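Overview (structure and organization)
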Amino acid sequence: VNEPIRDKGYAGWLRYESIEDEKVKQIYSNWCSMLSVTGQSGCLQTAKQELITGLQAMLGVQPSDWHDSTSNHLGRIVLGVAGSSPLIDQALAWSNHGASDSDGYAILSGTDEQGRYLALAGFTERGALYAVFHFLKLLQTRKELEGLAIQEIPRNGLRMINQWDNMDGSIERGYAGKSIFYENNRIVEDVTRVRDYARLLASVGMNAISINNVNVHQWETKLITNQGLTDVKRMAEVFRGYGIRLYLSINFASPIEIGGLTTADPLDLDVAKWWRARAEEIYSQIPDFGGFLVKADSEFRPGPFTYGRNHADGANMLAEAIGPYGGTVIWRCFVYNCLQDWRDRSTDRAKAAYDHFMPLDGEFKDNVILQIKNGPMDFQVREPVSPLFGGLTRTNQVLELQITQEYTGQQRHLCYLVPQWKEVLDYDTYALGEGSSVASTASGSLFKRPLGGMAAVSNIGNDSNWTGHDLAQANLFGFGRLAWNPSLSAEDIAKEWIQMTFSCDSEVEATLLRMLMDSRDIYESYTAPLGVGWMVNPNHHYGPNVDGYEYAKWGTYHFADCKGIGVDRTLSSGTGYSAQYHSPQSNVYESLDSCPDELLLFFHHVPYTHRLKSGKTVIQHIYDAHFEGAEQAEALLNKWDLLAAKIDTLRHERVRYRLVDQAEHAKEWRDAINTYFYRKSGIKDEHHRMIY
Ligand code: GCV
């Protein structure tokens, strides 16, 4: 039972290692001798507890209670929400525009007539909790406490985690053990692990979670029954303590499956009434319930299409049921024909989401959010950005990312995903001219939408270090940081994470930073040349299989033959997908001359001898990338080995084991892909390396 606690990976980035340097410890202790907290309820108590835990662990002392009469010259921390004390209000005085209804906070330090003070001030209790976590981070990363004037407002209202956990304890696309939420078709009794997870999430500013898989099966459908809700309520309480609202994925056919009705038609009055009654019951048990996450008419899940209705009909009916209680419907746009005939070259899966949802722009209620995957296909290591961003202008939207590494090495390969997410967030949609980034459409700021944000599929399970690969924790951390502030750089996020999770040692930081920052390019180079994607084994999606999906029904093809490779998605001669973007992006992709190399095969079918902007031919690029990628994978292991003396044995060996595995597996990728294309093209490697 105590095993996870002995594992340094269990604490994640909240390790709060005791500060060894006595001088530093003394300086920090001088600021933190006393504590004053005004207010008792909810997150504020959590904030106080977290603060005491963190200080005790790092400084070895607990602050004593401070009262007005306490003698001065001792540093005091004042923790509270707007209106609770003059010092707190002074800390929050910088903002006068709407920050009071956000989760923002401030940290202010200085000296007044009563001595040194450190104000940890939230506009809300949740904000106060974030201020505490931020403050503890300052200590973890050895920052100066004198003259602090930190002001933070989250850029995204919704900062959400999606669990793909099933009640039998399995996790769809989970690579780190079993579910921490469910066992034997029940919600777990012991919530310790769930609470520790909530801490990790709150520490990076996340404020929402859906706790069951979007593919809602038989048992999970019953979570919204009266009986199911008694258990869900316990989960909601755990998350509430950390300022996180709980959502459920629902089955659109629930009225039939658990309601005794004969239809789930969203325009049927009895169906709407049934959902209203469910909503009433849910909110009577969980007054701050977040709402429903819905995967409908997608990959065999039921939805409004069965009744000849559209997605707005479905989403709006649910939105009416939970709207009166402040609930939100998050409706996924991952809708496409998964029974495609591979012989049919006119249907293009990449076009599907846009084709389904653009005609409905403006028809969704204000408490509906469309959740859009970053790319038009499905979380490949390289895809263009979904054209729904910048396309939809009158609809709330949320950007969906995948932290769990389904197509990016399944937490056996190292792949720090933050650089990929940054590319997506920074991408210019040109919806309102230059400067219309995805970050601004998703947050709602570009089109002044009432709701918006970011959501991501979690990568955790009950492994003692949460994520299997210890370095995959950086992706969970990084998602939270980016959801709070998409302008942060991938490097800065990585540095913070390394210092908090491993150490402030400069060699550890420099080496690990390079490993993380290079890892996505390395993974891409030996698995998915030039934006082609999908060359994986079907179903489990691990390991190379160039033709694994080539003659399948899923709409994911590369069309390689003896002359060339790639999917023609141009308007002039292909599927016309490129026209779903605003100009100039549509023109950039349409033309072979301007299409970026890394997306070439996503947009064009070209001969193997086509010359890239890099000067290489496509075939030579494929060979080079795979040879070099496999070498670089091996180099990751060598770099990690240099840190052996500076990282605890358990974590070092656990990562090492995975890096060995990755280096071997990268060779398999290299050889499978190079051989395939050598046999198809008959063109030799210019450098005469071994191709089988
Ligand atoms: C939850 C991909 C995955 C599925 C996943 C689906 C989705 O197809 O392979 O496991 O289902 O995406 O996002 O709904």
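Everything below is about the structure printed above this text.
Everything in this summary refers to the structure shown in the same document.

Observations regarding the site of the ligand
Close contacts around the ligand come from 14 residues, with Glu172, Lys295, Arg332, Lys373 and Glu406 the closest. Here an oxygen atom of the ligand sits 2.5 Å away from a polar atom, N or O, in the side chain of Glu172. Side-chain polar atom of Asn215 to an oxygen atom of the ligand: 3.2 Å apart, as the coordinates give it. Protein coverage of the free-state accessible area of the ligand, which is 330 Å², stands at 96%.

What about the pattern of salt bridges?
Opposite charge on two side chains lets them pair, provided their charged atoms get close. Enumeration over the complete set of coordinates arrives at 38 salt bridges. With a shortest N-O distance of 2.8 Å, Asp288 and Arg240 are connected by a salt bridge. On the criterion of sequence distance, the pair formed by Asp288 in the loop between helix 10 (269–285) and strand 12 (291–294) and Arg240 in helix 8 (residues 226–240) is long-range, its members being 48 residues apart. Arg240 sits in the partly exposed class, given a relative accessible area of 31%. One salt bridge in this structure joins Asp648 and Arg651, with 2.9 Å as the shortest N-O distance. Salt bridges sharing common partners tie together Arg382, Glu423, Arg520 and Glu524.

A few points about unusual backbone geometry
In this structure, Pro584 follows Ser583 across a cis peptide bond, with omega equal to 5°. Considering the arrangement of structural elements, one finds Pro584 in the loop between strand 17 (564–565) and helix 19 (585–590). Phi is positive for Asn185, close to 65°, though the residue is something other than glycine.

As for the sheet that holds strand 5 (residues 115–122)
Pairing is mixed in the open sheet, where six strands are placed in the order 2-1-3-5-4-6. Two strands lie at the open edges of the sheet, namely strand 2 (64–65) and strand 6 (149–152), each paired on one side alone. For strand 1 (residues 34–37) and strand 3 (residues 76–81), the ladder comprises four bridges, and the chain directions are parallel. Bridging across to strand 3, Ser36 finds its partner in Val78. Lying on the sheet, helix 2 (residues 22–31) is in contact with strand 3, strand 4 (105–112) and strand 5; it crosses strand 5 at an angle near 75°. The strands touched by helix 3 (residues 42–59) are strand 1, strand 3 and strand 5; relative to strand 3, the strand with the most contacts, the crossing angle is about 155°.

Here's the deal with helix 14 (residues 418–426)
The element helix 14 is extensively covered by neighbouring structure, given that seven of its nine residues are classed as buried. Elements in contact with the buried residues of helix 14: strand 15 (397–402), helix 15 (438–443), strand 16 (452–457), helix 16 (473–484), helix 17 (490–501) and helix 18 (506–527).

Let's talk about the packing of helix 8 against helix 10
Relative to each other, helix 8 and helix 10 sit at 30°, their axes nearing to 10 Å. Classified by chirality, the crossing of helix 10 by helix 8 is right-handed. Together, Asn226, Leu229, Thr230 and Lys233 of helix 8 and Arg278, Glu281, Ile282 and Gln285 of helix 10 make up the contact between the two elements. Partitioning the contact of helix 8 with helix 10 into residue classes produces two nonpolar, three polar and three charged.

Some details on the sheet that holds strand 12
As summarised here, the arrangement of the eight strands in space is 7-10-11-12-13-14-15-16, forming a closed barrel in which the pairing is parallel. Between one strand and the next, the sheet's axes are offset by a mean angle of 25°, whatever the strand orientation. Note that strand 15 and strand 16 share six bridges and pair parallel. From the neighbouring strand, Gln402 faces strand 16, where its bridge partner is Val457.

Cut-off values and rules
- Here the residue numbering is sequential within each chain, running from 1 through the sequence in written order.
- Whole-chain, interface and lining totals are the exception, using all residues; otherwise, since this is a predicted model, local features are given only for residues with pLDDT of at least 70 and side-chain atom pairs are given and counted only at 80 or more.
- Hydrogens are left out, water is left out, and the side-chain values use all remaining heavy atoms of the structure.
- Being near a molecule or strand, for a residue, means having at least one of its heavy atoms within 4 Å of it.
- Within 3.5 Å is the distance limit for a polar contact, defined as a pair of N or O atoms, with the added protein rule that one can donate a hydrogen and the other accept it, and that residues adjacent in sequence qualify only through two side-chain atoms.
- Here the open area of atoms and residues is found with the Shrake-Rupley method and a 1.4 Å probe, where only the protein chains shown may cover a residue.
- Basic side-chain nitrogens of Lys or Arg form a salt bridge, by our definition, when they fall within 4 Å of a carboxyl oxygen of Asp or Glu.
- Elements are defined by DSSP. Helices are runs of H or I of four residues or more, strands are runs of E of two residues or more, and each kind is numbered from the N terminus.
- Buried, partly exposed and exposed residues are distinguished by accessible area as a fraction of the type maximum, computed with a 1.4 Å probe on protein chains only: under 20%, between the cut-offs, and over 50%, respectively.
- Note: two strands are recorded as paired if DSSP finds a minimum of 2 bridges between them.
- Any two residues having at least one pair of non-hydrogen atoms within 4.5 Å are treated as being in contact.
- Each axis is a line fitted through C-alpha atoms, and for a helix only the stretch in contact is used; angles between axes span 0 to 180 degrees, taken between their N-to-C directions.
- Crossing handedness: left-handed means the near helix sits turned counterclockwise from the far one by under a right angle, and right-handed means the same turn made clockwise.
- Basically, the charged four are Asp, Glu, Lys and Arg, the nonpolar ten are Ala, Val, Leu, Ile, Met, Phe, Trp, Tyr, Cys and Pro, and anything else, Gly included, counts as polar.

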